[in-house]
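Remarks on the overall topology
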Amino acid sequence: MAAVKFFMEFENVQGDLCTVNFIFEDYNDAPIRLYGGPQPFILGEFNQDFDLFKPIRPQQATIQVLASAGGVSLEDFLTDNDTDITVRFDFGDFGSYWSGILSQEDIEETWISTNHILTLRADEGFGRLQTQQLNDGNGAALIGTYTPFNYIQYAADDVIGNFFYTRKIGVSRK
């Protein structure tokens, strides 16, 4: 069962409480408090292709943890499976504002004097969709009539923030 292993709280410049939760598979103990680095959580666009007209613009979180204050090291965030650690960002009154999968390939550790800062990155998983076949969520081919939005829902089923629990809001022009 997955549970929060590490959490980090800080206030943004507007005074809103922000929480970064690191949810580990097969963890069931009490959460451990971490302390943020100079820039504890930055959410930005993830665009490795440098394509200005890219139709899907996933977001990537860059997270800085003051490792020496929290008693953690780089090894605490390394796992055998790429999807073992989920990051959830809670912002003010918005619980689960953003969620992503912690990247195992893009972790840095910077030493400054005796303190060291871990820089972790998480993304929503849209990059994994390039290698997956469109299916109904159980591996079967889609048969029948679907709306374009249904196709988007099925295509993004394996990302963290999929579209199955969203609402479409339309604007009528007269």
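So, a few notes on the structure that sits alongside this text. (Residues numbered from 1 in each chain as written. Predicted model: local features only at pLDDT ≥ 70, side-chain atom pairs only at ≥ 80, totals over all residues. Heavy atoms only, no water.)

Along its length, the chain carries two helices and nine strands. Going from N to C terminus, the chain has its helices and strands arranged as β-β-β-β-β-α-β-β-β-β-α. Counting every position in the chain, which comprises 174 residues, the buried fraction comes to 35%. Of the contacts made within the chain by residues no fewer than 6 positions apart, 56% connect residues no fewer than 24 positions apart. (Helix = DSSP H or I, 4+ residues; strand = E, 2+ residues; numbered from the N terminus. Buried < 20%, exposed > 50% of the residue type's maximum accessible area, 1.4 Å probe, protein only. Contact = heavy atoms within 4.5 Å.)

To continue, consider the pattern of salt bridges. The final tally for this structure, using the stated rule, is two salt bridges. Of the charged contacts in the structure, one is a salt bridge between E9 and R33, with a shortest N-O distance of 3.4 Å. Here R33 lies in strand 3 (residues 32-34) and E9 lies in strand 1 (residues 3-11), a separation of 24 residues in the sequence. Take E9: its relative accessible area is 34%, and that puts it in the partly exposed class. (Salt bridge = Lys/Arg side-chain N within 4 Å of Asp/Glu carboxyl O.)

Our next topic: the pairing of strand 1. The pairing of strand 1 with strand 2 (residues 17-24) spans eight bridges and is classified as antiparallel. Opposite F10, over in strand 2, you have C18 as the bridge partner. Hairpin geometry of strand 1 and strand 2 is characterised by an intervening segment of five residues between the two adjacent antiparallel strands and by a positive phi of about 90° at G15. Here strand 1 runs beside strand 3; their pairing, made up of three bridges, is parallel. For F7, the partnering residue across the bridge sits in strand 3 and is R33. (Pairing = 2+ DSSP bridges.)

Moving on, we come to unusual backbone geometry. Unlike most non-glycine residues, D26 shows phi in positive territory, near 60°. Checked against the element boundaries, D26 lands in the loop between strand 2 and strand 3. The residue S96 is not glycine, and still its phi comes out positive at about 55°. Within the secondary structure layout, S96 lies in strand 7 (residues 94-102).

On to the nonpolar core, then. Judged by nonpolar contacts, the single largest core of 26 residues is most densely connected at V20, F22, I63, V65 and F77. Ranked by residue count, the leading element in this core is strand 2, at four residues. If sequence neighbours within four positions are ignored, V20 has contacts with F6, F7, M8, F10, F41, I63, V87, R88 and F89. (Core = buried A, V, L, I, M, F, W, Y, C linked by side-chain atoms within 4.5 Å.)

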